[in-house]
Amino acid sequence: MQLNPYGEYAVLLAASLANDWPADRDALEARTRRFGMTMAFPVRDDDLAATRAVIDEWLAVVDAAEESRRAGLLNAMMAAATAYPRLTDHDDEGWHLHYRDDHQGLPHVLRAVISVGTALHLTTRGMHRLSRCAAGATGEDPCSAVVVDVTRNGRQRYCSVRCANRDAVRRHRARAGRRGSEARAAG
């Protein structure tokens, strides 16, 4: 039994969209399907732009430095969604909760799903478990990818092994350079 279908996958979907924006509306809907959203949505001309605005709003939550600021932004996002949970049965999935009316478009549904999912993720796993890749924190690396920490220990700092390795090499070289400078100064 899955009690929280709007937690982890919704936050991972938001991060996927933030880190790799789809080229068009079809690619956007394909991405939502890849992350578990199976219902079709009415097509509207502004779906892509309106969804981009939702993701940009969500990125403000990601980038909030203080927990209270993060919570305030997320509360505003959930309030703007004006969604309410309701039971639905479609696509042979069995009865489950949706945060949408049948007529709502993709951007509205994504605002509801992503904001509620992010709230569930942060309140059940920890308010610190959503950030930008630590490789980009020094300014020496261009990575600004979103990291959704779903690890057991709650210490995921990098978006990928590649970024973690690049940052480790950079730190190692910096230490080696300092040791070399100290040796030259002493000699």
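Residues numbered from 1 in each chain as written. Predicted model: local features only at pLDDT ≥ 70, side-chain atom pairs only at ≥ 80, totals over all residues. Heavy atoms only, no water.

(A) Geometry of the overall build of the protein chain. The secondary structure content of the protein chain amounts to 6 helices and 4 strands. Its helices and strands in sequence order give the protein chain the pattern α-α-α-α-β-β-α-β-β-α, from N to C terminus. Counting over 187 residues, the protein chain shows a buried share of 40%. In the protein chain, the share of contacts with a sequence separation of at least 24, taken over all contacts with a separation of at least 6, comes to 57%. A total accessible area of about 10600 Å² is found for the protein chain, and carbon and sulfur atoms account for 53% of it. (Helix = DSSP H or I, 4+ residues; strand = E, 2+ residues; numbered from the N terminus. Buried < 20%, exposed > 50% of the residue type's maximum accessible area, 1.4 Å probe, protein only. Contact = heavy atoms within 4.5 Å. Areas by Shrake-Rupley, 256 points an atom, 1.4 Å probe, with all protein chains shown as cover.)

(B) Just the nonpolar core, in detail. Formed by 29 residues in total, the largest nonpolar core has its most connected members in Met37, Trp58, Leu110, Ile114, Leu130 and Val146. Broken down by secondary-structure element, the contributors of at least two residues to this core are helix H1 (8-19), helix H3 (47-63), helix H4 (67-81), helix H5 (106-125) and strand E4 (146-148). It is H5 that provides the largest number of residues to this core, a total of 7 residues. Apart from residues lying up to four places away in sequence, Val146 is in contact with Ala15, Ala18, Asn19, Trp58, Leu59, Val62, Leu130, Ser131, Arg132 and Cys159. (Core = buried A, V, L, I, M, F, W, Y, C linked by side-chain atoms within 4.5 Å.)

(C) The arrangement of the packing of H1 against H5 in detail. In the contact formed by H1 and H5, the axes pass within 7 Å of each other and the chain directions differ by 115 degrees. As H1 packs across H5, the resulting crossing turns out to be left-handed. Seen from H1, the contacting residues are Glu8, Tyr9, Ala10, Val11, Leu13 and Ala14; seen from H5, they are Leu110, Val113, Ile114, Gly117, Thr118, His121 and Arg125. (Axes fitted to C-alpha atoms, helices over the stretch in contact; angles between N-to-C directions. Left-handed = near helix turned anticlockwise from the far one by under 90°.)

(D) A look at the side chain of Arg111. For Arg111, the position within the fold is in helix H5. In contact with Arg111, not counting residues within four places along its chain, are Val54, Glu57, Met77, Ala80 and Ala81.

(E) Just the packing of aromatic side chains, in detail. Under the definition given, this model contains 0 aromatic pairs. The ring of Trp21 has Arg52 sitting right over it, with the charged end atom 4.7 Å from the ring centre. (Phe/Tyr/Trp six-rings, centres within 6.5 Å; stacked < 30°, edge-to-face > 60°. Lys NZ or Arg CZ within 6 Å of the ring centre and 35° of its normal.)

(F) Geometry of a nonpolar patch on the surface. Among the surface-exposed residues, Leu87, Trp95 and Leu97 lie close enough to one another that they form a single nonpolar patch of about 370 Å² accessible area. Counting through the fold element by element, Leu87 comes out in strand E1 (residues 86-88). Looking at Leu87, the relative accessible area reads 57%, which means it is exposed. (Patch = residues over 30% accessible without salt bridge, like charges linked within 9 Å, V, L, I, M, F, W, Y side chains within 5 Å. Salt bridge = Lys/Arg side-chain N within 4 Å of Asp/Glu carboxyl O.)

(G) Representation of the pattern of salt bridges within the structure. Here the structure, examined in full by the defined rule, presents 14 salt bridges. Between Glu8 and Arg125 there is a salt bridge whose closest N-O contact spans 3.0 Å. Remark: Arg125 occurs in helix H5 and Glu8 occurs in helix H1; sequence separation between them is 117 residues. Residues joined by salt bridges that share partners form a network here, namely Glu140, Asp141, Arg166, Asp167, Arg170 and Arg171.

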